[in-house]
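Coordinate analysis (summary)
Each chain, written out:
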Amino acid sequence: MIRLFGILAGLFFTVAVMWSFATGAFVAATEGLGEETAEHAFHKYPKDLHLASDGVFGTFDKAQLQRGYQVYKEVCAACHSMKFVAIRDLADLGYNEAQLKAEAASWQVPGIDPSTGEATMRPGLPTDYFPSPYPNTVAAAAANNNAIPPDLSLMAKARHDGSAYVYSLLTGYQAQPAELLKEFPASKTPTGLHYNPYFPNLNLAMAPPLTANGQVTYAPGNPDPTIDQMAQDVAAFLTWTAEPTLDKRKQTGWPVLGFLLFATILAFFAKKQIWSAVKPSRKD
Amino acid sequence: MSFPWARQYEPKNGLTKFLDEKLPLPRLVYGAIGAGYPVPRNLSYMWNFGVLAGFCLVLQIVTGVVLAMHYAPNALVAFGTTEHIMRDVNWGWMMRYAHANGASFFFIVVYLHIFRGFFYSSYKAPREMIWLLGVVIFLLMMATAFMGYVLPWGQMSFWGAKVITGLFGAIPIVGEPIQVWLLGGFAPDNAALNRFFSLHFLLPFVIAGVVILHIWALHIPGSSNPTGVEIKTEADTVPFHPYYTAKDGFGLGIFLLLFCTMVFFLPNYLGHPDNYIEANPLSTPAHIVPEWYFWPFYAILRAFTVDFFFVPAKLMGVLAMFAAILVWFFLPWLDKSPVRSGHYRPLFRKFFWFGLIPTMAVLFYCGGAPAEEPFVMLSQLATAYYFLHFLVILPLVSSIEKPEPLPYSITEAVLGSDKKAVLGENTTPAV
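Since the model is a prediction, treat every value here as computed from it, not as a measurement.

**A closer look at the packing of aromatic side chains**
All names here are of chain B. Tallied over the entire structure, the rule returns 65 aromatic pairs over all chains. With a centroid separation of 6.0 Å and 10° between ring planes, the pair formed by F255 and F259 is classed as stacked. Of the two residues, F255 and F259 both sit in helix 10 (residues 240-265), four residues apart, roughly one turn of that helix. Relative accessible area serves as the criterion here: at 5%, F259 is assigned to the buried category.

This is how it looks when you write it as structure tokens:
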């Protein structure tokens, strides 16, 4: 009885889903598999980017992180917040306590006037988080053609292949290709947006932020601040902001795996010895 | 119940004698997972996954309780407290990565456990109740994992919650009121986040309770084995401890090596980048996908694209998705073959390896892919086979198949002849 009922139920679902299949196949046969879109044809996967923190043995290059921080501070921070990162976290980049205090004081953060209680701005302390450039999202949208600049704290983890994505986006601005306009005349980049094949829908509200070599002046002893170098450095910096514990994670992993490998080998021989008394030989 | 030759617990010193008289917990453990539980001697490594699933449950509860100490289930700060755990809490990143990947590994071992059960027909009499309780555990796990994924309050958390609770809206007439009641509002918000947190904390303990019933039910007939032939004599068995504690110990080592490789070197591989973007009800992600362990069922949900007579496509998808799991409850009565193990069932074996397994792979892949062709049509074909397999093929195969000859006993399967196979004839097994 259960089996009869089961066969009927099984046939019901099978017929229902094949009905969907037949309808879809009929549509595909008569109208094709949907139209090709400009996004699909022209979107590019991120370029290759090699960072010191890559791989299972990689660690952050502190000099590069400091350069990337400088790019963030002088360029990105004009529009992008980084609200989950505290100024004190910069200690990871190799700054000492006096440098941290000086660095913190170079940021203006919202505060309260101790004599009047009114909202005011004050120099930052190491315990402060990086301040947002806009008082609220409405202000951020109003200043940026209705596109709110996203918070950058987690950007390197919030996109597929995030570090390379940041680097590719910053160096990927270009004129819209002629083939694109020929194939998809309706997909011309609207006014106020900028063509960038590394952005999912190809047209980005952010104007090219890195426009000239030497836009940021690096301290002596660092590489030349070309656009490509600055983009790599800020990508490295955002890799760190997304996961400041990355180095510690990998450094913890190796002894853990080493111990487990040792314990597993011991467990294997323990198992072998215990089972030697009954000698099972699996034939199945 | 146990086998007559099961070793009996003997308290040896004053403390254990005292305990055995007042609260015989050591005796219970000894009989459940100690030397007092005789187990078939021929279990393969496919029998490791029950213990590993139990380990995962404990791991999830321990890491989860620690995470709950630092997390706040409030829509305004939930995403921020998750980042607080990742950045400021001592070893918080390790706890969170272990918990997130622990959920994935829990599903990996449970899927292997379930498919072991499919191949060896572990659901058949006298083990129906173990199987039914197992399916209950799986359903509870799905609910728990779904609600857990909502807690970080990222984009996939929010939109996943919206899509899944939206399924209830497909039920005619009462659907939408039920959806609003479940969410505590018209869309996922603080009320939903709070109740999801509460239930996410509660359900693992419910799972632990059902696991105890699952193991209790297991101890009535004893463990199944790769031949599917029941235990006949003492020679067919070895005590669980030390034989299977040693074997499970080795399995646990392999499991932990793989698990820690993920936690320390690829912790975000199984997650979705969008969940590192704070929930935003005004911005829909391009592709809303659940966690990987739901992909096969998500593919079944989305396979129904047109109305089937008077049944709307969405309702059909919801019914099929739930039916896809509920059908497992009926397996003990759908598959009537007297032979359990797939090793002795030639036709069943073909449908398992060339039907069910590829179908699950296709459903898995299509569930994670965008809802475009050819994935929709592929998932429709796979969905059709899925229901045919369990509800039509399995009952028919069990009536037309001619099984291969079974070994007389487990011992014969292991050693060739029953005569030389008396356990402890020449050597005394170490206990």
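**Notes on helix 14 (residues 346-368) of chain B**
Each α-helix winds once per 3.6 residues, and so residues spaced three or four apart point in a common direction. Residue and element names in this part refer to chain B. The first and last C-alpha atoms of helix 14 sit 33 Å apart over 23 residues, in line with the 33 Å expected at 1.5 Å per residue. Helix geometry: helix 14 is bent most strongly at F352, by close to 35°. Residues of helix 14 that are buried include every one of P346, F348, F352, G355, L356, T359, M360, L363, C366 and G367, and no others. If you follow the buried residues of helix 14, they end up packed against helix 5 (92-119), helix 11 (295-303) and helix 15 (375-400).

**Here's the deal with helix 7 (residues 155-166) of chain B**
Residue and element names in this part refer to chain B. The first and last C-alpha atoms of helix 7 sit 16 Å apart over twelve residues, in line with the 16 Å expected at 1.5 Å per residue. Burial runs high along helix 7: nine of the twelve residues are buried. Turning to helix 7, its buried residues number three or more, namely Q155, M156, S157, F158, W159, G160, A161, T165 and G166. Where helix 7 is buried, its residues touch helix 6 (128-150), helix 8 (175-183), helix 9 (190-218) and helix 12 (313-326).

**Examining the packing of helix 3 (residues 49-68) of chain B against helix 5 of chain B**
Two packed helices can be described by the angle between their axes and the distance between those axes. Residue and element names in this part refer to chain B. Contact pair helix 3 / helix 5: the axes reach a minimum separation of 9 Å and the direction vectors enclose 155°. The pairing of helix 3 with helix 5 is recorded here as roughly antiparallel in orientation. The hand of the helix 3/helix 5 crossing is left-handed. Counted together, F49, G50, L52, A53, C56, L57, L59, Q60, T63, G64, V66 and L67 of helix 3 and M95, R96, A98, H99, G102, A103, F105, F106, V109, V110, L112 and H113 of helix 5 form the full contact between these two elements. Residue classes in the contact of helix 3 with helix 5 are distributed as 16 nonpolar, seven polar and one charged.

**Section: the UniProt feature "domain: Cytochrome b/b6 C-terminal region profile" (unreviewed entry) in chain B**
The positions that UniProt labels "domain: Cytochrome b/b6 C-terminal region profile" (unreviewed entry) are, in the present scheme, residues 230-408 of chain B. Taken end to end, residues 230-408 of chain B has its terminal C-alpha atoms 10 Å apart, with 57% of it in helix and 2% in strand.

**Here's the deal with the environment of A41 of chain A**
All names here are of chain A. In this structure, A41 sits in helix 2 (residues 38-42). When the C-alpha atoms of A41 and V234 are compared, they prove to be 29 Å apart, with 193 residues separating the residues in sequence. Sequence-distant contacts of A41, that is, excluding residues within four places in its chain, are made with E36 and F184.

**Regarding the pattern of salt bridges**
Tallied over the entire structure, the rule returns 18 salt bridges over all chains. A salt bridge links D89 of chain A to R88 of chain A; its shortest N-O distance comes to 3.3 Å. Overall, the relative accessible area of 14% leaves D89 of chain A in the buried class. Assessed through its relative accessible area of 31%, R88 of chain A is described here as partly exposed. Across the pair R27 of chain B and D20 of chain B runs a salt bridge, and its minimum N-O distance is 2.8 Å. Several salt bridges converge on common partners, so that one network encompasses K124, D335, R345 and E401 of chain B.

**A look at the packing of helix 3 of chain B against helix 9 of chain B**
All names here are of chain B. It is the contact of helix 3 with helix 9, at a shortest axis distance of 11 Å, that shows an interaxial angle of 155°. Classified by the interaxial angle, the pair formed by helix 3 and helix 9 is roughly antiparallel. In the crossing of helix 3 with helix 9, the sense of the turn from one axis to the other is left-handed. Contact residues: helix 3 offers L57, I61, V65 and A68, while helix 9 offers F197, F201, P204, F205, I207, A208 and V211. Of the residues contributing to the contact of helix 3 with helix 9, the split by class is eleven nonpolar, no polar and no charged.

**Here's the deal with the nonpolar core**
One recurring pattern in soluble globular proteins is that nonpolar side chains are buried together. Residues and elements named next belong to chain B. Core analysis: the largest hydrophobic core is formed by 135 residues, its most contacted members being F118, F138, F297, W328 and Y386. The element that contributes the greatest number of residues to this core is helix 6, accounting for 15 residues. Setting aside anything within four residues of it in sequence, one finds F297 in contact with Y111, F138, M142, M321, A324, I325, W328 and Y386.

**As for the UniProt feature "binding site: heme c" (unreviewed entry) in chain A**
Residues and elements named next belong to chain A. Sites flagged by UniProt as "binding site: heme c" (unreviewed entry) map to C76, C79, H80 and M206. On the basis of their most widely separated C-alpha atoms, the annotated residues across 131 residues gather in one place, lying no more than 10.7 Å apart. Along the polypeptide, C76 turns up in the loop between helix 3 (62-74) and helix 4 (97-105). According to the relative accessible area criterion, C76 is buried, its value standing at 16%. Not counting the four nearest positions on each side in its chain, C76 is found in contact with V71, L152 and V234. On the secondary structure map, M206 appears in the loop between strand 4 (203-204) and helix 8 (227-242). If we skip the residues at most four places from it in the chain, M206 touches H80, L169, L170, Y173 and H194.

Rules used throughout
- Residues numbered from 1 in each chain as written.
- Chains lettered and ligands numbered in written order.
- Predicted model: local features only at pLDDT ≥ 70, side-chain atom pairs only at ≥ 80, totals over all residues.
- Heavy atoms only, no water.
- Phe/Tyr/Trp six-rings, centres within 6.5 Å; stacked < 30°, edge-to-face > 60°.
- Helix = DSSP H or I, 4+ residues; strand = E, 2+ residues; numbered from the N terminus.
- Buried < 20%, exposed > 50% of the residue type's maximum accessible area, 1.4 Å probe, protein only.
- Expected span 1.5 Å × (residues − 1).
- Bend = angle between axes of the 7 residues up to and from the residue.
- Contact = heavy atoms within 4.5 Å.
- Axes fitted to C-alpha atoms, helices over the stretch in contact; angles between N-to-C directions.
- Parallel < 35°, antiparallel > 145°, perpendicular 65-115°, else oblique.
- Left-handed = near helix turned anticlockwise from the far one by under 90°.
- Nonpolar A, V, L, I, M, F, W, Y, C, P; charged D, E, K, R; others polar.
- UniProt positions renumbered as here; feature names shortened; annotations may be inferred.
- Salt bridge = Lys/Arg side-chain N within 4 Å of Asp/Glu carboxyl O.
- Core = buried A, V, L, I, M, F, W, Y, C linked by side-chain atoms within 4.5 Å.

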